Amino acid sequence: MCSGGRPPSRRSSTSKKADSETGGRATAQARGGNRTDTVAASEWNKEKDLRDREMSDSDSMELHNKETVSGEILPVVIIGNGPSGICLSYLLSGHTPYLSPGASHPNPLLHSKLAEQPGLSLLEQDLEYLCEGLQGRSSNPVAVLFDSLLLPDGDFGADHTSPLEWRYEPERAVPHLVLGKGPPGGAWHAMEGSMLTLSLANWMELPALKLKDWMKDKRRNVRNDRATPAEIASYYQHYVTQMSLGHNFACGTTVTSVTWRPPDCRESRGFWRVEGVQSGGGEDLADDSPVEQVPFSLLARNVVLATGTHDIPARLGVEGESLPYVCHSFWELEGAISRGELDESSDPVLVVGAGLTAADAVLAARHLNAPVYHAFRRAVGDPGLIFNQLPKMLYPEYHKVHQMMTQQQHQPSSPLDSSSSPPSFSTSSSSYSGYLSFPCHRVVSFRPDRKCVLQSDTGRRTVVQVSKALVLIGAHPNLSFLPERGRPLGVYPGEPVTCRRNPIDADPFTNRVLGAEGPGMYAMGPLVGENFVRFLKGGALAIASDIAKGLREGGGAGPGSSDGPVDKWADRLAAVQTLARATERPFS
């Protein structure tokens, strides 16, 4: 059972913002009229704290010195325990998808292909062949395939029954470890419970456990087909327990190095070395006691990168960006609010960015009646703007922000606006006093006197006085554990890996990393451009299928192969864990 690593504590009642691994996207709930939701979120938080205490009292998979004690090379190590890692763990644990007898799929071409070999599991079929002719909202073909099988015609709001059935076949299980900094669920545990997910609730679920059915057991209703991050995080954590996956998870772990060791005279096949530290069970001690960091080193034939991309906030790279009043995360805004630094008498907050996190910051500041300047590069009517892609009925809070961006735009009065002639918030027809947008603008510099220089795409500059500046323009993955921070692995080698502009370059049907130093490295989820849980499950299918193919063809765990039978490795692992518990000093 995974234990170490409890989620970050919620420091105030203000919504906290974090991008998911990706998966679904959490959003700040529209303010006002949400007393019932606030009470519900409070109840969820109490239940979650109780679960955390129960988890921290249970046994944790200890990794200390595992390499030197066992001398074993693990078949698979997964770095990241969010929905990507959980889904892959489920498939690697012997849970196998088949076409259900008598089932049909609304796509006749796909149904006929599946019916050609009904006795073969999906892991044994030719995924590239099954993907031919399919279209969907993902650019990854296996993601579209698996999504169409789990949620047939999901893009049209249909509620067709999946034609798949899941069979537990333990003989197919591939021993593996899932490493994560916190409890199973990843970044979802760091999000405030009163927010709503961007994705519909059934798009957030993992195979073989309907989210709505689980919610009914909890006597909760999924409001407007959208769930809260607290509910999703609890669902993912419950999923690991329900599916008996906990023994594969090692929580409280931070990976510091992943390196390829080529074959030599002692080892005919190369392997990956995964090094890091594992925290003790006292991560959130109220007295700030130091947490013991125990180093570990693992050897693996196959390594899966499933870390998500929300770790490092993106920066503008302009003068003054490191000044104290310039922030790069919603969390810093939440901290300023909790300290009482912002109210209607404050100088305006400058929000830079036109994504959902920036919109949440606008909503949070306006909830306090704090004035807001909102600068972004695109035009408000740009079809690429996320607000122009969201249904108004499902996302009223974002429709409101988009209205503000459209109706309350800055109207310069001269070629050079300055602090002596500050931008005006109010107009006679405005219903959004205290807010002013700057479309098609970029930040030129931040000054020590809290003045920010903005420039339009026509070259006109405006100087605004602010109390704080929030640069919310996305985030990058933390791949510091890879050589050159993973830059050689991107679609554009040498540039930083980002989800949108430069994801990791992976084979579309196996998710093998094409630029890896050796065989057996995979990537999935946001690292390969899949931001939504709905589609990252396809990466799990591609990887599990490729590893299963390696087992069938070479008797080993995928491209790297394994040193011995699965049962033998599992027995050795159990013996190592027993030895570790008997010899290690307990974590304090």
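No experiment lies behind these values; they were computed from the predicted model shown. (Residues numbered from 1 in each chain as written. Predicted model: local features only at pLDDT ≥ 70, side-chain atom pairs only at ≥ 80, totals over all residues. Heavy atoms only, no water.)

Focus on the overall build of the chain
- Looking only at helices and strands, the chain features 13 helices and 21 strands.
- Taken across its 588 residues, the chain has 56% of its residues classed as buried.
- Within the chain, contacts between residues at least 6 apart in sequence are counted, and of these 74% link residues at least 24 apart. (Helix = DSSP H or I, 4+ residues; strand = E, 2+ residues; numbered from the N terminus. Buried < 20%, exposed > 50% of the residue type's maximum accessible area, 1.4 Å probe, protein only. Contact = heavy atoms within 4.5 Å.)

Looking at the packing of aromatic side chains
- Across all of its chains, the model carries nine aromatic pairs by this definition.
- Residues tyrosine 235 and tyrosine 236 carry aromatic rings whose centres are separated by 5.5 Å and whose planes lie at 55 degrees to one another, so their mutual orientation is tilted. Each member of the pair tyrosine 235 and tyrosine 236 is classed as buried.
- By way of ring pairs, the aromatic residues Tyr90, Phe146, Trp166, Tyr235, Tyr236 and Tyr239 are connected into one cluster.
- Taking NZ or CZ as reference, lysine 113 lies 4.7 Å from the ring centre of tyrosine 129, over its face.
- Across from the ring centre of tyrosine 98, 3.9 Å away, lies the NZ or CZ of arginine 167, which sits over that ring. (Phe/Tyr/Trp six-rings, centres within 6.5 Å; stacked < 30°, edge-to-face > 60°. Lys NZ or Arg CZ within 6 Å of the ring centre and 35° of its normal.)

Quick notes on the confidence of the model for the chain
- In the predicted model, the chain carries a mean pLDDT of 78, and 71% of its residues have values of at least 70.
- Across the chain, element-level confidence peaks in strand β21 (residues 521–523) with a mean pLDDT of 98 and bottoms out in helix α1 (residues 35–56) with 40.
- Here residues 3–60 is modelled with pLDDT under 50, and outside its nearest four sequence neighbours on either side it reaches 171 contacts, counting other chains as well.
- Note that residues 560–588 has pLDDT below 50 and, in this model, 49 contacts with residues that lie over four places away or in other chains. (pLDDT = per-residue confidence, 0-100.)

A look at a positive patch on the surface
- On the surface, Arg377, Arg442, Arg447 and Arg461 cluster together into a patch of positive charge.
- Secondary-structure assignment places arginine 377 in the loop between β14 (372–375) and α11 (396–407).
- Since its relative accessible area comes to 63%, arginine 377 is described here as exposed. (Patch = residues over 30% accessible without salt bridge, like charges linked within 9 Å, V, L, I, M, F, W, Y side chains within 5 Å. Areas by Shrake-Rupley, 256 points an atom, 1.4 Å probe, with all protein chains shown as cover. Salt bridge = Lys/Arg side-chain N within 4 Å of Asp/Glu carboxyl O. Lys, Arg positive; Asp, Glu negative; His and termini not counted. Charge placed at Lys NZ, Arg CZ, Asp CG, Glu CD.)

Looking at the nonpolar core
- Counting residues in hydrophobic clusters, the biggest one holds 52 residues, and the most contacted among them are Leu88 and Tyr239.
- Going through the elements one at a time, β2 (74–79), α3 (83–92), α4 (108–116), α5 (127–131), α6 (141–150), α7 (211–217), α8 (229–242) and α12 (533–554) are the ones with two or more residues in this core.
- Contact partners of tyrosine 239, with chain neighbours within four places excluded, come to Ile86, Tyr90, Leu206, Pro207, Leu209 and Leu245.
- Judged by nonpolar contacts, the second largest core, of 33 residues, contains Leu333, Leu342, Ala359 and Phe387. (Core = buried A, V, L, I, M, F, W, Y, C linked by side-chain atoms within 4.5 Å.)

As for the environment of methionine 204
- By secondary structure assignment, the location of methionine 204 is in the loop between β6 (196–197) and α7.
- The class of methionine 204 is buried, set by a relative accessible area of 0%.
- Note: C-alpha distance between methionine 204 and phenylalanine 532 (328 residues apart in sequence) is 8.0 Å.

Re the pattern of salt bridges
- Under the definition given, this model contains ten salt bridges.
- Lysine 210 is the salt-bridge partner of glutamate 205, the closest N and O atoms lying 3.3 Å from each other.
- Since its relative accessible area comes to 7%, glutamate 205 is described here as buried.
- Notably, a salt bridge pairs aspartate 382 with arginine 378, separated by 3.2 Å at the nearest N-O pair.
- Its relative accessible area of 23% is what places aspartate 382 among the partly exposed residues.
- Here the salt bridges share partners, and the residues they tie into one network are Glu124, Glu169 and Arg172.

Side note on the packing of α6 against α12
- At a closest axis distance of 7 Å, the pairing of α6 and α12 adopts a crossing angle of 110 degrees. Between α6 and α12, the angle is such that the two are roughly perpendicular. The interaxial crossing formed by α6 with α12 has right-handed handedness. Each of Val142, Ala143, Phe146, Asp147 and Leu150 in α6 lies in contact with α12, whose residues at this interface are Arg534, Phe535, Lys537, Gly538, Leu541 and Ala542.
- Considered class by class, the residues forming the contact of α6 with α12 number seven nonpolar, one polar and three charged. (Axes fitted to C-alpha atoms, helices over the stretch in contact; angles between N-to-C directions. Parallel < 35°, antiparallel > 145°, perpendicular 65-115°, else oblique. Left-handed = near helix turned anticlockwise from the far one by under 90°. Nonpolar A, V, L, I, M, F, W, Y, C, P; charged D, E, K, R; others polar.)

Focus: the packing of helix α10 (residues 356–367) against α11
- For the pair α10 and α11, interaxial distance at closest approach is 10 Å and the crossing angle is 85 degrees. With respect to their mutual orientation, α10 and α11 come out roughly perpendicular. For the pair α10 and α11, contact is made by Leu356, Ala359, Asp360, Val362, Leu363 and Arg366 and by Glu397, Tyr398, Val401 and Met404, respectively.
- For the contact of α10 with α11, the per-class residue count stands at seven nonpolar, no polar and three charged.

Let's talk about the sheet that holds strand β16 (residues 441–446)
- On the basis of which strands lie adjacent, the open sheet formed by three strands has the order β16-β17-β18 and antiparallel pairing. Of all the strands in the sheet, just β16 and β18 (461–465) have a single pairing partner and so form its edges. When strand polarity is set aside, the average angle formed by the axes of neighbouring strands in this sheet is 30 degrees.
- For strand β17 (residues 451–456) and β18, the ladder comprises five bridges, and the chain directions are antiparallel. Its bridge partner lying in β18, cysteine 452 is registered against valine 464. (Pairing = 2+ DSSP bridges.)

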